[in-house]
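Working through the structure, step by step
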Amino acid sequence: MESMIRRDPVEAAEWTFDLTIIGGGIYGVCALLEAGQAGLRALLVEKDDFGGATSWNSLRIVHGGLRYLQKMDYVRLRESVRERRWFLRQFPQWVQPLPCLMPLYGRGLRRPGIMAAAVRANDLLSWDRNQGLPDAWRLPAGGVVNNREILRRFPLVRQKNLKGGATWHDGKMICSQRVLMEILHRACRLGGRALNYMPAEEVVTEHGGVAALRCRDGVFDCERTFRTQAVLNCAGPWSRPLAKQLGLDEPGIFHPSLAFNLLLDCDPLSQSALAIESAEPGGRTYFTLPWNGRTLVGTEHLPAEDNTPDAAVTGAQVQTMLDNLNAAVPGWNVESSQIMRIYSGLLPAKQAGSDEITVRPVAIDHHERGGPRGLVSVCGVKFTTARLVAERAVKMIMKRAGLTRRPAVQPQGDEVMPGLDLVDPRPILEDNLSLGTREAVRQLARQEAVIRADDLVFRRTDWGADKRQAEAVLSRVRTILRD
Ligand SMILES: Cc1cc2nc3c(=O)[nH]c(=O)nc-3n(C[C@H](O)[C@H](O)[C@H](O)COP(=O)(O)OP(=O)(O)OC[C@H]3O[C@@H](n4cnc5c(N)ncnc54)[C@H](O)[C@@H]3O)c2cc1C
């Protein structure tokens, strides 16, 4: 039997769930998995499609936490090391070691001596980073390299004042959608239910506690009520508006800031990810990484209006980023015509109107603030640490709602993936598509609750990454699904 993510709201409405999770981004799907492992009967509702919001827009780096050394935040560093290992171990097909290189110009802490000590400390603090990993996935120790070596790895490096470079390894998601969908499969194999196109609208309470969640079924255009003892709000940038809609405004849940990356149609600058300082002192450090033959670069952070769910980026903001990149890498000359896609999203800022990202996840028990028992909102900062934050949030809500741990059910169904390249769209665009390929596309659609062709092109695969090709792929997939 194949593993299935079945969209069956009628069946779900017959159950009484222990826990219902709002939001099908990485935090929500990890919470569904954690709930399944705790033996809970759990449901996830997503207003659009799974993983289509912030989680779709990340830079796809699974961070080990070297940056947290700067603030001597060892707890966060250790958490990141463990979570990076989890991703590398659980999804070797989709998460790979990523060599990283940072050219040093001797500014502030970025001096070869200091960086050598930092990278060494990072290696010591991540002594167990390779536990349980196959040889090819092991992350080697970092170090400091000389200018010649940097030039060899990154020929366009800005050479004025170059003082060597630091090296280390992180993880890279080749296709973050697949990581999210694989987690969702595992959660459903443990008995979890997941319904896309199902916006949550109202928490129904009885005797001061959560009793049900009322949703709007976006496919059948009708109301659905799911009985549940607890609700976990994992709605990311919508977590505050959603809490407000439920009558519980909590400004501290999420102050939005805008963040975006660019996918560029140009050869990678290096086989390593590069941490490139802006030419201007005090400017941002950008990351470029080779990604399926192209270059992904980010992340630009900007303030956003408080309470906005809008992550749109203006042409002027993009141009400023391109100018900064061209100043930082003379001779690169990237132009807006090379942009294949802008990945943008909202991240939690330290305060309203700031572009500085919060350090810690937020978890709020609404019962402590006058809301019903069994309603918790959680909002994290990184894809990398989503599983850990979700694990803690599920434990918290179990305690607050009086839910007890049970043995997890025996996983149902096998992980059988159709024989398709889920990253490269070219085979799908070939003139004479084989019957086998058509059937494999339909199988993927059946297995993963695909409602519309764009679910499959953007959120089950990376076939739509190049926006110039996406329309042709969509049209082809529509035809296959219609057949
Ligand atoms: C540009 C950028 C680069 C980044 N780079 C990295 C990186 O390299 N590494 C890293 O670790 N992290 C990175 N991040 C951070 C990471 O992507 C986020 O922390 C993470 O994806 C947030 O996930 P989430 O589940 O909280 O939010 P989302 O993915 O936004 O999910 C929330 C979901 O809730 C749904 N929802 C909202 N309201 C309702 C409702 N009423 N009913 C039902 N569903 C609802 C939404 O539709 C959405 O799907 C980056 C983020 C950005 C924006």
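The structure presented is a predicted model; accordingly, all values stated were derived computationally and were not measured.

Further remarks concern the overall build of the protein. Counting secondary structure elements, the protein contains 13 helices and 19 strands. A globule of 483 residues ought to have a C-alpha radius of gyration of about 23 Å, and the protein, at 23 Å, matches this closely. Along the first, second and third principal axes, the C-alpha set of the protein runs to 65 × 60 × 45 Å. Of all intrachain contacts in the protein linking residues separated by at least 6 positions in sequence, the fraction that spans at least 24 positions is 72%.

It is worth spelling out the sheet that holds strand 12 (residues 231-233) at this point. The pairing of strands in a sheet happens through backbone hydrogen bonds and is either parallel or antiparallel. Strands sit in the order 8-3-2-12-19-18 across an open sheet of six strands; the sheet is mixed. Each of the sheet's edge strands pairs with one partner strand only, and the pair in question is strand 8 (193-195) and strand 18 (362-365). With strand direction ignored, the average angle separating the axes of adjacent strands in the sheet is 15 degrees. Summarising the sheet, strand 3 (residues 42-45) and strand 8 pair through three bridges and their orientation is parallel. Within strand 8, the residue paired with V45 across the bridge is L195. Strands strand 2 (19-22), strand 12, strand 18 and strand 19 (375-379) of the sheet are contacted by helix 9 (residues 386-401), whose axis makes an angle of about 165 degrees with strand 19.

Here we take up the site of the ligand. The environment of the ligand is made up of 42 residues, and the closest members are G23, G25, A53, G236 and G345. Grouping the constituent residues of the shell around the ligand by class yields 20 nonpolar, 17 polar and five charged.

Assignment of secondary structure puts V450 in the loop between helix 11 (435-447) and helix 12 (453-460). A tally of 23 C-beta atoms within 10 Å means that V450 is categorised as buried. As a C-alpha pair, V450 and F50 span 400 residues in sequence and 9.8 Å in three-dimensional space. Setting aside residues up to four positions removed in sequence, V450 forms contacts with A445, D455, L456 and R460.

So, about the nonpolar core. L19, V29, A31, L32, L184 and L232 are the most contacted members of the largest nonpolar core, which has 132 residues in total. Sequence-distant contacts of L232, that is, excluding residues within four places in its chain, are made with L19, I21, I22, A31, V376, V378, A393 and I397.

What follows is about helix 2 (residues 26-37). Under the 1.5 Å per step criterion, the end-to-end length of helix 2 is 17 Å for 12 residues, consistent within 8% with the ideal 16 Å. Looking only at helix 2, the buried set comprises I26, Y27, G28, V29, C30, A31, L32, L33, E34, A35 and G36.

Looking now at the packing of helix 11 against helix 13 (residues 467-482). At a closest axis distance of 9 Å, the pairing of helix 11 and helix 13 adopts a crossing angle of 85 degrees. In this view, helix 11 runs roughly perpendicular relative to helix 13, as classed from their interaxial angle. Every residue of helix 13 that contacts helix 11 at R438, V441, R442 and A445 is listed here: V477, I480 and L481.

So, on to the sheet that holds strand 10 (residues 209-217). The strand order across the open sheet formed by four strands is 1-11-10-9, and the pairing between neighbours is mixed. Lying at the two open borders of the sheet, with one neighbouring strand each, are strand 1 (16-17) and strand 9 (200-206).

To continue, consider the environment of C234. The residue C234 is located in the loop between strand 12 and helix 7 (239-245) in this model. The sequence separation of C234 and L262 amounts to 28 residues, and the corresponding C-alpha distance is 26 Å. Apart from the residues within four sequence positions on either side, C234 is in contact with I21, I22, G23, G25, Y27, G28, A31 and V378.

Partitioning the protein into domains gives domain 1 (9-55 + 177-254 + 357-401), domain 2 (89-170 + 255-348) and domain 3 (426-482). Each of domain 2 and domain 3 has a C-alpha centre, and these two points are 31 Å apart.

Successive residues of a regular strand alternate their side chains across the two faces of the sheet. Here strand 3 shows two buried faces, one formed by A42 and L44 and the other by L43 and V45. Looking at chain direction, strand 2 and strand 3 are connected through four bridges and run parallel. Pairing of I21 across the sheet is with L44, part of strand 3. Since strand 2 and strand 3 lie parallel, the crossover through helix 2 that links them has a hand, and here it is right-handed.

Attention now moves to the pairing of strand 16 (residues 294-303). Sheet topology places strand 13 (residues 256-264) next to strand 16; seven bridges connect them, and they run antiparallel. In the sheet register, A259 faces strand 16, and the bridge partner there is H301. From the end of strand 15 (residues 285-291) to the start of strand 16, which pair antiparallel, there are two residues, and N292 there has a positive phi angle of about 50 degrees.

Turning next to helix 12. Count 3.6 residues to each turn of an α-helix, and residues three or four apart come out pointing the same way. Counting buried residues along helix 12, seven of its eight residues qualify, which places the element largely inside the surrounding structure. Those residues of helix 12 hidden inside the fold are in contact with helix 6 (176-189), helix 11 and helix 13.

With that settled, consider the packing of helix 2 against helix 6. Their axes nearest at 8 Å, the elements helix 2 and helix 6 cross at an angle of 25 degrees. The pairing of helix 2 with helix 6 is recorded here as roughly parallel in orientation. Along this stretch, helix 2 crosses helix 6, giving a crossing that reads as left-handed. Across from I26, V29, C30, L32, L33 and G36 in helix 2, the residues of helix 6 making contact are L180, I183, L184, R186 and A187. For the contact of helix 2 with helix 6, the class distribution of residues is nine nonpolar, one polar and one charged.

Moving on: the environment of E335. Among the secondary structure elements, E335 is positioned in the loop between helix 8 (315-328) and strand 17 (339-348). Along the sequence, E335 and D265 sit 70 residues apart, while their C-alpha atoms lie 9.8 Å from each other.

Cis geometry marks the peptide bond from G298 to T299, where omega comes out at -10 degrees. Position of T299 relative to the elements: it lies in strand 16. Not every positive phi belongs to a glycine, and M72 is a case in point at roughly 55 degrees. By the secondary structure assignment, M72 is in the loop between strand 4 (61-62) and helix 3 (74-90). Residue M72 is classed as exposed on the basis of its C-beta count, with 10 C-beta atoms lying within 10 Å. Despite not being glycine, H207 has its phi angle at roughly 50 degrees, a positive value. With respect to the secondary-structure elements, H207 resides in the loop between strand 9 and strand 10.

Cut-offs and rules
- Residues numbered from 1 in each chain as written.
- Predicted model: local features only at pLDDT ≥ 70, side-chain atom pairs only at ≥ 80, totals over all residues.
- Helix = DSSP H or I, 4+ residues; strand = E, 2+ residues; numbered from the N terminus.
- Rg over C-alpha atoms; globule rule 2.2 N^0.38 Å.
- Contact = placed C-beta atoms within 7 Å.
- Pairing = 2+ DSSP bridges.
- Axes fitted to C-alpha atoms, helices over the stretch in contact; angles between N-to-C directions.
- Near = placed C-beta within 6 Å.
- Nonpolar A, V, L, I, M, F, W, Y, C, P; charged D, E, K, R; others polar.
- Buried ≥ 20, exposed ≤ 12 C-beta atoms within 10 Å, placed from the backbone.
- Core = buried A, V, L, I, M, F, W, Y, C linked by C-beta atoms within 7 Å.
- Expected span 1.5 Å × (residues − 1).
- Parallel < 35°, antiparallel > 145°, perpendicular 65-115°, else oblique.
- Domains from an automatic or database assignment.
- Right-handed = clockwise from strand over helix to strand, strands pointing away.
- Left-handed = near helix turned anticlockwise from the far one by under 90°.

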